[in-house]
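For reference, the chains in residue letters:
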Amino acid sequence: MKAIVVGSGGREHALAWKLLKSPNITEVVCIPGNGGTALLPGCRNVAMAVTEAEGIARCALVNNMAFVVVGPEQPLAEGLADRLSDQGIKVFGPNRDGAQIEASKAWAKDLMAEANVPTAAAATFTEAADAIAYVRQQGTQTQDAQNQDAQNQSEQNQSAPIVVKADGLAAGKGVTVAMTAEDAIAAVEAAFSGRFGAAGERVVIEEFLEGQEVSVLAVTDGQTIRPLLPAQDHKQIGEGDTGPNTGGMGAYSPTPLMPAALLDRVQKEVLDPTLDALKARGIDYRGVLYAGLIITPAGDPKVIEFNCRFGDPETQVVLPLLETSLDEIVLACCEQRLADLPPFKWQAAASACVVMAAKGYPGAYKKGLSIALNDAESDDTVVFHAGTRVSEGQLKSTGGRVLGVSAIAPNFQAALDKAYRAIDKIDFPDSYYRRDIGHRIKGFTALKESEPKSVNEGGNKD
Ligand code: AMP
Ligand code: GLY
């Protein structure tokens, strides 16, 4: 059977690659795909925008495609899944109503409150003045509490960090972890000034949660929900998790920060009640529900966001470990028979991905840079393309994040060593990559003995 993957990033390359590992899949069409999917045997790129619903539907019908997997959130939020399923096409990805779980942070917060899902305390505002008054009030409350603590009086000039989020999709730039009330107020003003368009018409102000972030990508057919292996990504550009946020500079899975017992709690406290609340709203959610969690210093999982899609670069580390055929999982979700599927099989190994970006990213960077992969790839090492194209037989960069080098091995150190050895073989002179991917789990034993360290040292994607 043949299938469509919608999108053009490393996540979509990994989806196409994994689908093509299945003996059931004869061809994958990537819309629009990238240089990596163009070079992938069995894969064909079709140049079309990811939001071109009618064109995608036509492509699916004319080519008798078994299903469509949608990578990015934007087309889902615009109703791509609705348009495809209206025409009888099987689609893995929620409809427009379901996609609100990512497309509106206020909507997601309401749903979480309804479902009693643990998350940061938050309030939603439609007026800048009210939001600013709330920020000031939060700061005052924090200071009052702190002032009662006589031991730390001299350090009490600042309010605790507070998180300001534009309600809608803002290409990852809508969240500010503000270290001071002034920064929070500036973020509120920026959102209401129209900087994020309609996405900033409402603003969510949220309690700052301290702890390590873990991504749990779960698949659901609307009735049953099952987590994939938990992963962690590195959002910040600089080593030691410093500097501005990016689309993700590396990832690894399965993170030891989420042992089976904790994943069980996530199933019971987060995934099941969220799916129940979606059902209660009449939403038939089929696809990935991605829970972005913080594991608090007390060891409790709390949701900081939901996404309605696979994570990037988490997909590039999770799928290489999956032994079950991806098409079986996708079809079971589309046909609402996930409960009948045996437990997913996973390779007992560690998986890591290091992202190579164009120098300057996430600020200004050059495109059209030449890349030669040489013999970087091997059985356990795959180079997933995030922003490339093939031009006259030559691989060129087309974006900020360009490649994701994924490797699996019996343990994390070996997987990371393999990924870095592969990077050494790649000719990409104007690249930048972090050399410390996985550093948080290298210190895992030490962290377990003390308190998990905060990884949110401020900064947004600007
Ligand atoms: P989001 O788009 O909601 O995932 O937010 C982007 C990033 O901001 C997250 O990955 C976290 O690093 C950080 N963040 C968001 N909300 C919170 C919170 N309540 N407490 C601490 N950090 C947060
Ligand atoms: N890795 C973060 C995301 O996919 O949103």
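Conventions and cut-offs
- Residues numbered from 1 in each chain as written.
- Chains lettered and ligands numbered in written order.
- Predicted model: local features only at pLDDT ≥ 70, side-chain atom pairs only at ≥ 80, totals over all residues.
- Heavy atoms only, no water.
- Helix = DSSP H or I, 4+ residues; strand = E, 2+ residues; numbered from the N terminus.
- Rg over C-alpha atoms; globule rule 2.2 N^0.38 Å.
- Buried < 20%, exposed > 50% of the residue type's maximum accessible area, 1.4 Å probe, protein only.
- Contact = heavy atoms within 4.5 Å.
- Areas by Shrake-Rupley, 256 points an atom, 1.4 Å probe, with all protein chains shown as cover.
- Lys, Arg positive; Asp, Glu negative; His and termini not counted.
- Charge placed at Lys NZ, Arg CZ, Asp CG, Glu CD.
- Near = heavy atom within 4 Å.
- Polar contact = N/O pair within 3.5 Å; in protein donor to acceptor, adjacent residues only side chain to side chain.
- Salt bridge = Lys/Arg side-chain N within 4 Å of Asp/Glu carboxyl O.
- Axes fitted to C-alpha atoms, helices over the stretch in contact; angles between N-to-C directions.
- Parallel < 35°, antiparallel > 145°, perpendicular 65-115°, else oblique.
- Nonpolar A, V, L, I, M, F, W, Y, C, P; charged D, E, K, R; others polar.
- Pairing = 2+ DSSP bridges.
- 1 Å grid on protein atoms, 1.4 Å probe; cavity = no way out; pocket = protein on both sides within 12 Å on 5 of 7 lines; lining within 4 Å.
- Points joined across faces, edges and corners; volume = space filled by probe spheres on them.

(A) Main features of the overall build of the protein. When helices and strands are counted, the protein shows 15 helices and 24 strands. In terms of overall dimensions, the protein is globule-like: its C-alpha atoms have a radius of gyration of 22 Å, near the 23 Å expected for 462 residues. Across the 462 residues that make up the protein, the buried fraction comes to 57%. Across the protein, every contact between residues at least 6 apart in sequence was considered, and the portion connecting residues at least 24 apart equals 69%. On the protein, roughly 18,500 Å² of surface is accessible, and the fraction owed to carbon and sulfur atoms is 47%. Between the centroid of the 43 positive side chains of the protein and the centroid of its 58 negative side chains there is a distance of 5 Å.

(B) Region of interest: the site of ligand 1. Around ligand 1 sit 15 residues in total, of which Glu206, Glu207, Leu209, Glu213 and Glu305 are the nearest. For ligand 1, a nitrogen atom lies 3.0 Å from a polar atom in the side chain of lysine 165. With respect to ligand 1, the side chain of lysine 235 contributes an N or O atom lying 3.3 Å from an oxygen atom. Protein coverage of the free-state accessible area of ligand 1, which is 470 Å², stands at 91%. Listed by contribution, the elements that provide at least two residues to the shell around ligand 1 are strand S7 (162–166), strand S8 (175–178), strand S9 (203–207) and strand S17 (301–307).

(C) Expanded view of the pattern of salt bridges. Inspection of every chain in the model, using the stated rule, returns 23 salt bridges. For arginine 440, the salt bridge is made with aspartate 241, and the minimal N-O distance between the two is 3.2 Å. Taken together, the residues arginine 440 in helix H14 (residues 439–442) and aspartate 241 in the loop between strand S13 (236–238) and strand S14 (242–245) connect sequence positions 199 residues apart. Considered together, arginine 440 and aspartate 241 belong to a single accessibility category, that of buried residues. Note that arginine 286 and aspartate 284 form a salt bridge whose closest N and O atoms lie 2.8 Å from each other.

(D) Structural context of the packing of helix H6 (residues 96–103) against helix H7 (residues 105–115). Where H6 contacts H7, the axes come no closer than 6 Å and their chain directions differ by 100 degrees. Classified by the interaxial angle, the pair formed by H6 and H7 is roughly perpendicular. Every residue of H7 that contacts H6 at Asp97, Gln100, Ile101 and Ala103 is listed here: Lys105, Trp107, Ala108 and Leu111. Looking at side-chain class alone, the contact of H6 with H7 contains 5 nonpolar, 1 polar and 2 charged residues.

(E) Local environment of the pairing of S14. In terms of strand pairing, S13 meets S14 through 2 bridges, oriented antiparallel. Within S14, the position partnered with glycine 238 by the bridge is threonine 242. Connecting S13 to the next strand, S14, in antiparallel fashion are 3 residues, including glycine 240 with a positive phi near 75 degrees.

(F) Broad picture of empty space enclosed by the protein. Per the stated rule, a full pass over the model turns up 2 cavities of 30 Å³ or more. The computed volume of the largest cavity comes to approximately 40 Å³. Lining the largest cavity are Glu213, Val214, Ser215, Lys235, Tyr290, Gly292, Leu293 and Glu305. Of all the elements in the fold, those that place two or more residues in the lining of the largest cavity are strand S10 (212–220) and strand S16 (287–295). Looking at the lining of the largest cavity residue by residue, the classes come out as 3 nonpolar, 2 polar and 3 charged. What the second largest cavity holds in volume is close to 40 Å³. Around the second largest cavity, the lining residues are Gly10, Asp312, Gln316, Val355, Phe384, Ala386, Arg401, Leu403 and Gly404. Looking at the lining of the second largest cavity, the element that brings in the most residues is strand S23 (residues 401–409), giving 3 residues. Considered class by class, the residues forming the lining of the second largest cavity number 4 nonpolar, 3 polar and 2 charged.

(G) Structural view of the side chain of lysine 165. Along the polypeptide, lysine 165 turns up in strand S7. You can call lysine 165 buried: its relative accessible area is 6%. Within the structure, lysine 165 has its side chain in polar contact with the backbone oxygen of isoleucine 304 (distance 2.9 Å). Excluding residues within four positions of it along the chain, lysine 165 makes contact with Lys105, Gly174, Val175, Arg202, Val203, Val204, Glu206 and Ile304.

(H) Inspection of the sheet that holds strand S1 (residues 2–7) at higher detail. Read across the open sheet, the 5 strands follow the order S3-S2-S1-S4-S5; overall the sheet is parallel. Only two strands of the sheet have a single partner each, and these edge strands are strand S3 (43–45) and strand S5 (91–92).

(I) Representation of unusual backbone geometry within the structure. A cis amide bond links aspartate 312 with the next residue in sequence, proline 313, at an omega value of 15 degrees. By secondary structure assignment, the location of proline 313 is in the loop between S17 and helix H11 (315–318). A cis amide bond links tyrosine 361 to the next residue, proline 362, at an omega of 5 degrees. Tracing the chain through its elements places proline 362 in the loop between strand S18 (350–358) and strand S19 (370–371). For glutamine 336, which is not glycine, the phi dihedral falls at a positive 55 degrees. Along the chain, glutamine 336 turns up in the loop between helix H12 (326–334) and S18. Even without glycine at this site, asparagine 374 takes up a positive phi of about 50 degrees.

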